[in-house]
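Working through the structure, step by step
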Amino acid sequence: MTTFPVEKIREDFPILKEKIRNKPLVYLDNAATCQKPQAVIDSISHLYMHEYANVHRGVHTLSVKATDRYEGAREKVKNFINAKSTKEIIFVKGTTEAINLIAQTFGKANIKQGDEILITAMEHHSNIVPWQMLCEETGAVLKVAPINLQGELIYDQFESLISDKTKLVSVVHMSNALGSINPVKKIIAAAKLKNIPVLLDGAQAIPHMSVDVQALDCDFYAFSGHKLYAPSGIGVLYGKQALLEAMPPYQGGGDMIRKVTFEDTEYNGLPYKFEAGTPSIADVVGLGAAIDYLTEIGMDNIAAYEAELLDYATEKASKIEGLRIIGEAKDKGAILSFVLDKIHPHDIGTMLDSLGIAIRAGHHCAMPVMDFFEVPATARASFAMYNTKQEIDVLMNGIEQLIEVFG
Amino acid sequence: MFDDLRDLYQEVIFDHNRNPRNFRVMEDADRKVEGFNPLCGDRLTLFLKMDGDKIIDASFQGSGCAISTASVSLMTEIVKGQTEAEAEALFKLFHEMTTGKEEQIDLEAIGKLAVLAGVREYPARVKCATLAWHTLDAALKNEETSISTE
């Protein structure tokens, strides 16, 4: 057992003291969204109470303070993922918007009829649908690399799908439905041989491991704040500066321009070119606070602790008769997707809720993954750094009880 | 252990979930409609055999949660022998019962279906219970071959 300070961390999350149906909350739906520490909540109240105004436009004191906070958060994001420059950090609504941004700007400028976009069979809808829309518009073709029954990418087949027509590889770093972690370094290296840009969907990976975009050498990395203990409605698109500079803007409006006349508009430089309109200022500040909080704990410590939780949960779950784990990749993050014989995930969800346990029951916005495993849905317990082995015991006990009731 | 859930998961529901009635493909069906709840992935195919405006046989296939399976199983039992108008009237009552718009449920008219009244307290589960009836409604109106709750 490591000396991970989980009890101290739990104290930082006020919602964990809530009672659900008169039982202590056991929150195991972290892959859907994470709860927020006091530091994040406080950073937002503090901004609104003492430092709030619009950013990048006022000479008055509050606007300068708010701008400092906002740009300070960009600096924190840059350091957190080890980007070269804050110019490479674009604030967006979330991972979904980041991927749509790439599809609508990089995609439209570089992807033509007959070109190919390569994804994997474990993608979330947000890394499928934007490409389908782009393909429909341009006549490009979406290629899907298959997965095996453990829920792992079949790497050889992935590699053989890379061709001279491939113009973009877009893969999930860690699967939300299965927990599988993709061999992204290998994927990127293979794509580089043909100079194909790689976009990583990091929505699930970012709260569970350190991410270094320079070490990965990915061209784009997308993630959401709300899965990283930060507010919802804020996310990040990282892109290599040269690529971002060559891309046309995304939306038109204020902040993304340098000079506007009715005849012509000169666009602003990076990162503002992609940030039209007043941004979600307080949420960005909240994201900065979440990063400070996580940095203090250490992403490697979090990863090690969560690996212990997953091992513990997997071992316990394997002993339950009639339970089938969906997603058994060798390299896997803290997600336990499962089905029970003759008990629908929706019933599992309601039953566990009555015990105060929050899990996700459904298709996890990854219907093709459900089809592949021939299940309509799964139950999914997803762990965060504030979960404990004792909570996993409560979950497993609940599952055993409900199997008995359904019997 | 699951005391809070006793109103939702009554013994009748477990019974129909374990042994669904009329769970079969009807080769000579006059109406065949698919119902789908994209939220949870529940899917069912409803088959009806009609004699004029009378339902003389009803059956289903598909997979779903205990609430949705019990609901469709009970429904196929009850509507057998009813006229279209009677079944539509029952659908209206059922809808009122499960969405909680009616303070007083006419227990006599709703009959066995009263076991599903508990979903009222679980907004996330109402659609599980009503999927069967929306599918029946579409089948009776003969308008579509597939419906979705979303």
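Computed from a predicted structure; not experimentally measured. (Residues numbered from 1 in each chain as written. Chains lettered and ligands numbered in written order. Predicted model: local features only at pLDDT ≥ 70, side-chain atom pairs only at ≥ 80, totals over all residues.)

1. Quick look at the overall build of chain B
Along its length, chain B carries five helices and four strands. Element order for chain B, N to C, with α for helix and β for strand: α-β-β-β-α-α-α-α-β. Overall, chain B is about 45 × 30 × 30 Å in size when its C-alpha atoms are taken along their principal axes. By residue count, 39% of the 150 residues in chain B fall in the buried class. Put simply, 62% of the contacts in chain B that link residues at least 6 apart link residues at least 24 apart. (Helix = DSSP H or I, 4+ residues; strand = E, 2+ residues; numbered from the N terminus. Buried ≥ 20, exposed ≤ 12 C-beta atoms within 10 Å, placed from the backbone. Contact = placed C-beta atoms within 7 Å.)

2. Remarks on helix α2 (residues 38-51) of chain A
Residues and elements named next belong to chain A. Over its 14 residues, α2 runs 18 Å from end to end, which matches the ideal 20 Å to within 8%, given 1.5 Å per residue. If you check which residues of α2 are buried, you get V40, S43 and L47. Looking down the long axis of α2, one finds its buried residues gathered within 55 degrees of arc, a one-sided arrangement. With respect to the buried face of α2, the exposed residues turned more than 90 degrees away are S45, Y48, M49 and H50. Where α2 is buried, its residues touch α3 (61-81) and α10 (281-297). (Expected span 1.5 Å × (residues − 1). Arc of directions from axis to C-beta.)

3. Quick look at the domain arrangement of chain A
Many descriptions give the size of an interface as the accessible area lost when the pieces come together. Residues and elements named next belong to chain A. The domain architecture assigned to chain A consists of domain 1 (6-30 + 298-406) and domain 2 (41-296). Placing a centre on the C-alpha atoms of domain 1 and another on those of domain 2 gives a separation of 28 Å. Counting residues per element, the ones that place at least two in the side of domain 1 that touches domain 2 are α11 (299-318), β14 (335-340) and α13 (367-372). When residues of the side of domain 1 that touches domain 2 are assigned to their parent elements, the largest contribution, five residues, is made by α11. Residue composition of the side of domain 1 that touches domain 2, grouped by class: twelve nonpolar, four polar and six charged. (Domains from an automatic or database assignment. Nonpolar A, V, L, I, M, F, W, Y, C, P; charged D, E, K, R; others polar.)

4. What about the sheet that holds strand β13 (residues 323-326) of chain A?
Residue and element names in this part refer to chain A. One open sheet accounts for four strands, arranged β13-β14-β17-β16; its pairing is antiparallel. Taken across any chain shown, the strands that pair with only one partner, and hence form the sheet edges, are β13 and β16 (360-362). Averaged over all adjacent pairs, the angle separating strand axes in this sheet is 30 degrees, with direction ignored. Bridging between β16 and strand β17 (residues 378-382) involves three bridges; their strand directions are antiparallel. Residue pairing in the sheet places G362 in a bridge with T378 of β17. Where α11 meets the sheet, it contacts β13, β14 and β17, and its direction lies at approximately 15 degrees from that of β14. (Pairing = 2+ DSSP bridges. Axes fitted to C-alpha atoms, helices over the stretch in contact; angles between N-to-C directions.)

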